[in-house]
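Residues per chain are reported as follows:
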Amino acid sequence: MKILVLNSGSSSVKFQVIETDLERMNAHQDQTLATGLVEKIGLSDSRLVLKVPDRKAYTDYREILEHRAAIDWVLRILADPEVGILGEVAEVGAVGHRVVHGGEAFASSVIITPDVVQQIEDCSVLAPLHNPPNLRGYYAAHAALPDVPHIAVFDTAFHQTMAPHSFLYGIPFQLYTKHALRKYGFHGTSHRYVAFRGSQILGWEKDEKKLITVHLGNGCSAAAIDRGKSVDTSMGFTPLEGLLMGTRSGDMDPAIVPWLMAMEEMTLHQVNTMMNKHSGLYGISGVSSDMREIIEARAGGHQRADVAFRMFCYRVKKYIGAYAAAMGGVDAVFFTGGIGENSPEVREWALSGLEYMGIELDRHINDGLRGGEGEISSDGSKVKALVVPTNEEKTIARDVVRVLNGIMPSWEPPETVSP
Ligand code: AMP
């Protein structure tokens, strides 16, 4: 089945066409037929890029004022006899939509119905910048393809297996019952894919081991996955919590917020912007939010780039230790994301000193692995370490197949807390 996967933002729509079915996904043989995006929606020079394996990228410009026109453009190009990959639009059998926040309502992927739309709208208060454009993409795609199933796949759903002792914050309980103020976690689609694929590479059943998945990209998060279930993750109520990121602070003392408002006379908005956009690798180094530039600068003797790099790796190590303790051990650590997949330096620093836990890196293999998948731990390492390139779109396409076949991941609905 050919599945259109959509990731709709406020001014962009990213898309992929993936051909998969139960047999192909079990054999890891799903095929990405095309990838692309429409960006600058709402402006006169909106751009569409279509990439098809083994062909030159196709680019076009026109005025696209809203998502409906963007989706129509994508479908037209996909079915274009010269540049497209579909004989006709009707070859699209289903559409998978990335939806950022599913709150406590969604613990797995679902067919989008009017009730589901309402619940996604209700979750918009938790993700005001993401859920509304995700829904705009759905409305547009549903109008263009009304006769095929549309499936929502949530960034938060995988982490709905966390127990209350893991997801609650130490603030008055009523704030949880009144506002659903709790840890949700994000990158769930990536953690789930990487846990599955890493286990597959090692020949393990997907639900048998204790895993720590570490997604290091512009946004960064770690997850503790105990026999198939996420039991903890580093991002929280928002993606700000946890690891140091490109421009986000990650963990910090919340008392810094009122202190800055008093001492620097900053507004709440300014502090929020500072923590999300001017912090992390960028804020510490003053050089860049991009790990490649941090690594280059520290090699050239830039001290703040060096400390930013050390902070970044140190915090990954701290979370690995914490999650091993939380699960009572760990069988494997999987690295993914732009940094996790491409930076042997970060992986080496993050794992250094963890030999006492049974994690031993093969330096030579680690140094040679950039961009591919494979094991980076030494032969004798008790705990395996792997690089597993993430593929969120493939997970979305696979969930479409799972939902349509009545098979969904075997995790259970979240525990509820009685007040
Ligand atoms: P992502 O958000 O997953 O696309 O990851 C983006 C991050 O990956 C940026 O910080 C990039 O600098 C980083 N990255 C990409 N390639 C490399 C590389 N070869 N070495 C170190 N970091 C890299």
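Details of the structure are given in the entry above.
Below, the structure is looked at part by part. (Residues numbered from 1 in each chain as written. Predicted model: local features only at pLDDT ≥ 70, side-chain atom pairs only at ≥ 80, totals over all residues. Heavy atoms only, no water.)

1. Description of the overall build of the protein
When its secondary structure is counted, the protein shows 16 helices and 14 strands. Whereas a compact globule of 419 residues would reach a radius of gyration of roughly 22 Å, the protein reaches 22 Å, a difference of no more than 12%. Along the longest, intermediate and shortest principal axes, the C-alpha atoms of the protein span 55 × 55 × 50 Å. Within the span of the protein, comprising 419 residues, buried residues form 52% of the whole. Within the protein, contacts between residues at least 6 apart in sequence are counted, and of these 63% link residues at least 24 apart. Summing over all exposed atoms, the protein offers an accessible surface of approximately 18800 Å²; the carbon and sulfur share of this is 51%. In the protein, 40 side chains carry a positive charge and 51 a negative one; their mean positions are 2 Å apart. (Helix = DSSP H or I, 4+ residues; strand = E, 2+ residues; numbered from the N terminus. Rg over C-alpha atoms; globule rule 2.2 N^0.38 Å. Buried < 20%, exposed > 50% of the residue type's maximum accessible area, 1.4 Å probe, protein only. Contact = heavy atoms within 4.5 Å. Areas by Shrake-Rupley, 256 points an atom, 1.4 Å probe, with all protein chains shown as cover. Lys, Arg positive; Asp, Glu negative; His and termini not counted. Charge placed at Lys NZ, Arg CZ, Asp CG, Glu CD.)

2. Details of the sheet that holds strand S12 (residues 332-336)
Strand order in the open sheet formed by six strands is S11-S10-S9-S12-S14-S13, and the pairing between neighbours is mixed. The strands lining the two open edges of the sheet, one partner per strand, are strand S11 (229-233) and strand S13 (374-375). The pairing of strand S10 (residues 220-226) with S11 spans four bridges and is antiparallel. For Ile225, the partnering residue across the bridge sits in S11 and is Ser230. Running over the sheet, helix H7 (residues 188-202) touches strand S9 (210-216), S10, S11, S12, S13 and strand S14 (384-387) and is turned about 125° from S12. Each of S9, S12 and S14 touches helix H14 (residues 344-351); the most contacted strand, S12, lies at about 150° to it. (Pairing = 2+ DSSP bridges. Axes fitted to C-alpha atoms, helices over the stretch in contact; angles between N-to-C directions.)

3. Examining the side chain of Thr233
With respect to the helices and strands, Thr233 occurs in strand S11. Residues contacting Thr233, with those up to four places away along its chain left out, are His159, Met162, Lys183, Tyr184, Gly185, His191, Ala222, Ala223 and Tyr323.

4. Points about a nonpolar patch on the surface
The grouping of Met1, Ile111 and Leu404 at the surface amounts to a nonpolar patch, some 220 Å² of accessible area in total. The partly exposed category is assigned to Met1, whose relative accessible area is 39%. (Patch = residues over 30% accessible without salt bridge, like charges linked within 9 Å, V, L, I, M, F, W, Y side chains within 5 Å. Salt bridge = Lys/Arg side-chain N within 4 Å of Asp/Glu carboxyl O.)

5. Focus: the pairing of strand S8 (residues 150-154)
With five of five residues buried, S8 is to be regarded as a mostly interior element. Residues His150, Ala152 and Phe154 line one face of S8 and the alternating positions Ile151 and Val153 line the opposite face, and both faces are buried. Both strand S6 (residues 92-99) and S8 contribute to a ladder of five bridges, which runs parallel. Its bridge partner lying in S8, Gly96 is registered against Ile151. One ladder, built from two bridges, connects strand S7 (residues 110-111) with S8; its direction is antiparallel. Bridge pairing links Val110 to Ala152 in S8.

6. Re the packing of aromatic side chains
Counting across every chain of the model gives seven aromatic pairs. Judged by centre distance (5.7 Å) and plane angle (70°), the rings of Phe173 and Tyr176 are edge-to-face. Highlighted residues: Phe173 and Tyr176, both in helix H6 (residues 173-179), separated by three residues, approximately one helical turn. Using a relative accessible area of 27% as the deciding quantity, one classes Phe173 as partly exposed. (Phe/Tyr/Trp six-rings, centres within 6.5 Å; stacked < 30°, edge-to-face > 60°.)

7. A word on the nonpolar core
Within the largest apolar cluster, 45 residues are counted, with the highest numbers of intra-cluster contacts made by Leu216, Phe312 and Ile320. Secondary structure elements with two or more residues in this core: S9, S10, helix H11 (291-299), helix H12 (303-327), S12, H14 and S14. In contact with Ile320, other than residues within four places in its own chain, are Ile212, Val214, Val333, Leu351, Leu354, Met357 and Ile359. In terms of nonpolar packing, the next biggest core, distinct from the first, is built from 29 residues, Leu4, Val13, Ile64 and Val95 among them. (Core = buried A, V, L, I, M, F, W, Y, C linked by side-chain atoms within 4.5 Å.)

8. Description of the pairing of strand S3 (residues 31-39)
Bridging between strand S2 (residues 12-19) and S3 involves eight bridges; their strand directions are antiparallel. Across the sheet, the residue bridging to Lys14 is Leu37, located in S3. Pairing geometry for S3 and strand S4 (residues 43-51), over five bridges, is antiparallel. In the strand pairing of S4, Gly36 is matched with Leu50. The antiparallel pairing of S3 with S4 creates a hairpin that spans three residues between the two strands, and Lys40 there sits at a positive phi of about 60°.

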